[in-house]
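# Observations on chain architecture
Chain residues, written in single-letter form:
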Amino acid sequence: MALNTTIEADKNAPPITRILAEFVANHPSRGWSDEVDHQAHRTFMNWVGCSVGAVHHESTQAALRAAEMFDPAAQALVLGTNARVDMGNAALINGVSSHAFDFDDTHLKTIIHPAGPVCSAVLALAEKLGSTGREVIDAVVLGIDVSCRVGNMMYPNHYDRGWHITGSTGSVGAAAACARLLKLDADKTQMALGIAASQPVGLREQFGTMTKPLHPGAAAKAGQMAALLAKEGFTASLRALEAPRGFAQVVSTKFDWSEITSELGQRFEISFNAFKPFACGIVIHPSIDACIQLREKGVTADNLERLDLRVHSLVLELTGKKEPKDGLEGKFSVYHGCAAGLIFGQASEDQYADDIVNRADMVVTRRKVNAAIDNSIDEAAVDATAFLKDGSKVHICVEHAIGSLQRPMTDANLESKFSNMSNEILGVDQTRKLMDACWALGNAKDVSEIIKAATLHTAISGHAQEAATA
């Protein structure tokens, strides 16, 4: 399909904007298996935990301070705080927070983090509308399906062009979810998708900066606004996603329309969502897993001479920073991830603190790590050999890291992860109540129990901090 510097347009693309609109508007409530519904609750709960856990992160706090400059109406909660802002900025800030630790869910086929844009948009709107928990779960399943199917249609070419696929597909997924929550018919849902199609968000150039977590937040706000505009009669192209100058054909050199239509309404992409045990890019996870296993076999930072990794080229393309200077850069360093696995036996957010990244033993250990490209190795795998100072060596091959679909995190694993992020913010008892409210969401009369449990009883917003110190 590619021609030198131009792409041959597909002028006969199927009407996928309309197909998706009818699917979102008309698919029956809970029209999927119990397994899919449970995965939706797992996805939502993991998103809440990530959002609460990163509420003190500098990117989240900066976004909150910026939003408060608008003096917004108190419509929706910033999770893990007592701050309330308008629902658009709540979607933005909660989306930023959910991705700030790089600890959120991942649709492994496309490396989209779908909950950030979709759940952030939906919860804020649901709080304003008084939506039932079932309506929220339905919207999450359908919105994530749209996001990930659009991603399937374009990946990897779209990502290779430099788009952060979480944000670029997230606007459309958030619009679909909010259209469903607003009970828009297929015609208006089609307009919502069309409006969102003109708002792709996110460049990979921003990885390692605060703007990366802005992408899911900005996508959430854009998608929410697209649905609200459509509700009020705002119009867009009826072929915004598929037209020769529409979304897919402009931002990608691949547009496989069958990825939209294949088993639509029968196979749900949320089923292929995975959850991170480590707070960094997903392609580092096999290497961290390998280092934790090496540690269990007696390999330490002190007795290690060198560690040789064989990895897929994508690992070094995304996470090849050899000398990260802070925590954000550390999340894009397979070398730092390996050092964390060897020294700490884990790689949670604590291991990505700035002082840990720059700690002397971490620096020395990561400099012992050598990573070589071998594209016979899957991007979800690693071959690791530790050469020890006594002349011996220990070999580990990880085909599927913990947290993958083949080795998934259990519900108990997710609760432990949630607690580790939330306990210091909300306290143990309130964290337990929040997790219980997330598990029960599908049967809840509204989202009030989640909002109540996610509200901090001590002021931490920018304005409140100023008042306290005045």
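These remarks concern the structure in this document.

All right, on to the nonpolar core then. Side chains of nonpolar character tend, in soluble globular proteins, to be buried together. Residues Phe44, Val136, Met153 and Leu434 are the most contacted members of the largest nonpolar core, which totals 98 residues. Top contributing element to this core by residue count: helix α6 (residues 133–154), with 12 residues. Membership of the second largest hydrophobic core comes to 53 residues, among which are Ala100, Phe278, Val369 and Ala384.

Below, the discussion takes up the pattern of salt bridges. A complete count under the given rule lists 29 salt bridges for this structure. Across the pair Glu135 and Lys183 runs a salt bridge, and its minimum N-O distance is 2.8 Å. Of the two residues, Glu135 is situated in helix α6 and Lys183 in the loop between α8 (165–181) and α9 (186–197); the sequence distance between them amounts to 48 residues. For Asp308, the salt bridge is made with Arg306, and the minimal N-O distance between the two is 3.1 Å. Judged by its relative accessible area of 22%, Asp308 falls in the partly exposed class. Arg306 gets classed as partly exposed once you look at its relative accessible area, which sits at 34%. Overlapping salt bridges, with partners in common, bring together Arg30, Asp34, Asp37, Arg134 and Asp138 in one network.

Its place among the elements puts Asp105 in the loop between α4 (87–100) and β5 (106–107). Although Asp105 is buried, it forms no salt bridge, and the closest oppositely charged side chain is Lys417 at an N-O distance of 8.0 Å.

All right, on to helix α19 (residues 411–426) then. Helix geometry: α19 is bent most strongly at Asn420, by close to 35 degrees. Within the sequence span of α19, burial applies to Leu414, Glu415, Lys417, Phe418, Ser419, Met421, Ser422, Ile425 and Leu426.

Reading guide: rules and limits
Residues numbered from 1 in each chain as written. Predicted model: local features only at pLDDT ≥ 70, side-chain atom pairs only at ≥ 80, totals over all residues. Heavy atoms only, no water. Core = buried A, V, L, I, M, F, W, Y, C linked by side-chain atoms within 4.5 Å. Buried < 20%, exposed > 50% of the residue type's maximum accessible area, 1.4 Å probe, protein only. Helix = DSSP H or I, 4+ residues; strand = E, 2+ residues; numbered from the N terminus. Salt bridge = Lys/Arg side-chain N within 4 Å of Asp/Glu carboxyl O. Lys, Arg positive; Asp, Glu negative; His and termini not counted. Bend = angle between axes of the 7 residues up to and from the residue.

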